[in-house]
2 protein chains.
Amino acid sequence: MKRIPEHIGIIPDGNRRWSKRNGLKKEDGYVHGLEPGLKLVKAAQNYGIKELTYYGFTVDNCKRPKEQVTAFSKACVRAVKMAEQENTELYVIGNTNSPCFPEELLPYTSHRHKPRYNKNILKVNFLINYGWEWDMKNGWASHEIPRINLVIRWGGMCRLSGFLPIQTVYSDFYVVKELWPDFHEKQFADALQWYQKQDITLGG
Amino acid sequence: MKRIPEHIGIIPDGNRRWSKRNGLKKEDGYVHGLEPGLKLVKAAQNYGIKELTYYGFTVDNCKRPKEQVTAFSKACVRAVKMAEQENTELYVIGNTNSPCFPEELLPYTSHRHKPRYNKNILKVNFLINYGWEWDMKNGWASHEIPRINLVIRWGGMCRLSGFLPIQTVYSDFYVVKELWPDFHEKQFADALQWYQKQDITLGG
């Protein structure tokens with residue numbers, strides 16, 4: 001492919017609908033989203049993509065029933081640990097001043113500041129207990145995450161749901177109808193193929 | 001329809017491509033976007049929509065060749081005047097401290113502050129010489145424009161191009177493949193029909 005997006009935003013939506021369709025409890029879906037996340041990291045590396053940002057969970061998501069909050073929080077911690085095994089540079093961002101932020105991820109919240117030992121390594125960012133209002137009120141707290149070229153959302157909705165409003169001002173959005181636990185590499189390949197045909201103007 | 005979006009954002013893209021396809025100069029397309037804008041105002045009134053926000057032109061658009069800047073600026077002035085004839089409450093927002101801002105529209109930049117004589121009147125906002133960076137740097141200059149439920153973009157692209165990043169954090173996006181001068185009410189009806197099936201979560 002000629003035109004590979006440097007930085008892709010991933011909205012892995014549809015875990016709860018997937019659970020329902022598969023006769024599971026709502027909170028049981030998240031763990032089925034881990035393998036997809038890992039496959040996507042590997043695929044991104046193969047395509048030579050430089051950076052991925054996953055929408056983990058938001059401050060507002062934490063208002064859901066406790067079982068769900070525990071389940072997606074655990075899944076996110078595991079997702080970060082799994083990505084760490086794949087020769088990546090990790091960065092976690094979100095409101096750490098809240099009991100909803102998983103302690104285990106605190107060490108990853110400052111990685112962006114470290115000097116890079118390998119320029120060609122895939123950068124993987126996770127938004128954890130993130131909120132767009134929190135981001136804005138803190139003088140654009142997420143400013144170390146650069147502009148996003150392409151946002152891919154699973155689960156059929158065509159919306160950002162508060163995902164990095166500043167970094168996405170010029171992003172192209174691609175929607176995958178299938179739910180996130182039904183991730184397949186072909187969906188990702190199709191998104192990249194679609195991106196080839198989009199004309200970049202950056203508002204000009 | 002059961003679920004009518006209160007506030008719709010309109011990105012009327014594709015005027016230059018339309019000109020090219022019709023053997024005209026790039027700058028000749030904008031005037032063909034006026035009738036569509038008027039039809040849309042009337043359709044919105046018929047559906048009982050409360051507010052429309054049009055993406056007129058941006059600070060960055062003004063870097064284009066002079067003939068184009070003159071053409072879209074004139075078209076926007078006419079669009080505002082045309083909307084004014086339709087029993088609407090108008091509001092224009094953008095960087096007025098720039099030669100790119102059309103003088104004739106200055107009187108409309110403060111309308112939002114006036115007391116409303118009729119609550120059921122359609123509000124129509126135009127972004128004129130708007131820039132998302134200008135908006136943010138001025139402490140969210142556009143804050144009087146409320147949250148947008150649905151963004152409809154003509155011209156096939158699925159992106160916001162800097163359109164009100166804060167008001168669109170939870171918006172649904174609908175893309176019309178046809179170019180803006182080829183507007184047809186059916187496209188608008190289809191967008192509203194599609195919106196019926198979208199589930200609002202507001203990030204929860």
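Just above sits the structure.
Note that the coordinates shown come from a computational prediction; the quantities given were computed from them, not determined experimentally. (Residues numbered from 1 in each chain as written. Chains lettered and ligands numbered in written order. Predicted model: local features only at pLDDT ≥ 70, side-chain atom pairs only at ≥ 80, totals over all residues. Heavy atoms only, no water.)

A. Quick look at the sheet that holds strand β4 (residues 122-130) of chain A. Residues and elements named next belong to chain A. Across the sheet, which stays open at both edges, the 6 strands sit in the order β3-β4-β2-β1-β5-β6 with parallel pairing between neighbours. Looking at strand neighbours, the two that pair on one side only are β3 (88-93) and β6 (172-176), the edges of this open sheet. Within this sheet the neighbouring strands show an average axis-to-axis angle of 20°, counted without direction. Relative to β4, β3 is paired through 6 bridges, and the arrangement is parallel. If you follow I93 over to β4, its bridge partner there is L127. Its contacts with the sheet put helix α3 (residues 66-84) on β2 (51-58), β3 and β4, and the angle it makes with β3 is roughly 155°. Together, β1 (7-12), β5 (150-154) and β6 form the strand contacts of helix α5 (residues 185-196), whose direction differs from that of β6 by roughly 150°. (Pairing = 2+ DSSP bridges. Helix = DSSP H or I, 4+ residues; strand = E, 2+ residues; numbered from the N terminus. Axes fitted to C-alpha atoms, helices over the stretch in contact; angles between N-to-C directions. Contact = heavy atoms within 4.5 Å.)

B. Fine view of the state of the cysteines. One pass over the full model with this rule turns up 2 disulfides over all chains. Residue pairing for C62 of chain B: its cysteine sulfur links by disulfide to C100 of chain B, the two sulfurs lying 2.4 Å apart. Judged by the sign of its S-S torsion, about -125°, the cystine formed by C62 of chain B and C100 of chain B is left-handed. Taken together, the residues span a long stretch of sequence, with C62 of chain B in the loop between β2 (51-58) and α3 (66-84) and C100 of chain B in the loop between β3 (88-93) and β4 (122-130) at a distance of 38 residues. C158 of chain A provides the cysteine sulfur closest to C158 of chain B, a residue in no disulfide bond, and the two sulfurs are 3.8 Å apart. The buried category is assigned to C158 of chain B, whose relative accessible area is 10%. (Disulfide = S-S within 2.5 Å. Buried < 20%, exposed > 50% of the residue type's maximum accessible area, 1.4 Å probe, protein only.)

C. A look at the interface of chain B and chain A. Counting from both sides, the interface comprises 29 residues of chain B and, opposite them, 29 residues of chain A. Linking chain B with chain A are 2 salt bridges. A salt bridge links D172 of chain B to R159 of chain A, with the nearest nitrogen and oxygen atoms 2.8 Å apart. Counting the contacts that link chain B with chain A gives 14 residue pairs in polar contact (both at pLDDT 80 or more). Residue composition of the side of chain B that touches chain A, by class: 13 nonpolar, 9 polar and 7 charged. (Salt bridge = Lys/Arg side-chain N within 4 Å of Asp/Glu carboxyl O. Polar contact = N/O pair within 3.5 Å; in protein donor to acceptor, adjacent residues only side chain to side chain. Nonpolar A, V, L, I, M, F, W, Y, C, P; charged D, E, K, R; others polar.)

D. Molecular detail of the relation of the copies chain B and chain A. Note on the identical chains: chain B maps onto chain A by a rotation of 180° and an axial translation of 0.0 Å, with an RMSD of 0.0 Å. Considering both components of the superposition, the chain copies are consistent with a two-fold axis. No C-alpha of chain B lies nearer the rotation axis than that of P165 of chain B, which sits 2.8 Å from it. A high fraction, 100%, of the interface residues of chain B reappear at the interface in chain A, so the copies pair face to face through one surface. (Least-squares fit on C-alpha atoms with pLDDT ≥ 70 in both.)

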